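Listed below are the residues making up each chain.
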Amino acid sequence: MSLPDQSPRTRAERRRERIRAELDRNREGGHRVPTWVFAALLGAVLLGWLYLVVTS
């Protein structure tokens, strides 16, 4: 239910602005846990799963 004065273009522009703002926040950094920690954790989980599959 959109209001008559809100065209689809206006909604698209607001959406693009929200996406840009989120990307800017993500690029600033300040992450609590580095990405490589998540990658290492995922690798460990996959290796553990593979070990269980191969040995059972």
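Residues numbered from 1 in each chain as written. Predicted model: local features only at pLDDT ≥ 70, side-chain atom pairs only at ≥ 80, totals over all residues. Heavy atoms only, no water.

Chemist: Explain helix 2 (residues 35-55) here, please?
Modeler: What sets the pattern is the α-helix's 3.6 residues per turn: residues three or four places apart point alike. The end-to-end C-alpha separation of helix 2 is 30 Å, in line with the 30 Å expected for 21 residues at 1.5 Å each. Burial analysis of helix 2 places just zero of its 21 residues in the buried class, a small minority of the element. (Helix = DSSP H or I, 4+ residues; strand = E, 2+ residues; numbered from the N terminus. Expected span 1.5 Å × (residues − 1). Buried < 20%, exposed > 50% of the residue type's maximum accessible area, 1.4 Å probe, protein only.)

Chemist: Sorry if this is basic, but what is going on with the pattern of salt bridges here?
Modeler: Where side chains of opposite charge bring their charged atoms close, a pairing between them can arise. As enumerated under the stated definition, the model contains two salt bridges in all. We note a salt bridge from Glu13 to Arg9, for which the minimum N-O separation is 3.4 Å. Of this pair, Glu13 and Arg9 both sit in helix 1 (residues 8-28), separated by four residues, roughly a single helical turn. Taking the relative accessible area as the measure of exposure, Arg9 reaches 65% and is therefore exposed. A salt bridge links Glu17 to Arg20, with the nearest nitrogen and oxygen atoms 3.6 Å apart. Of the two residues, Glu17 and Arg20 both sit in helix 1, three residues apart, roughly one turn of that helix. Under the relative-accessibility criterion, Glu17 is labelled partly exposed at 47%. On the basis of relative accessibility, which here comes to 47%, the residue Arg20 falls in the partly exposed class. (Salt bridge = Lys/Arg side-chain N within 4 Å of Asp/Glu carboxyl O.)

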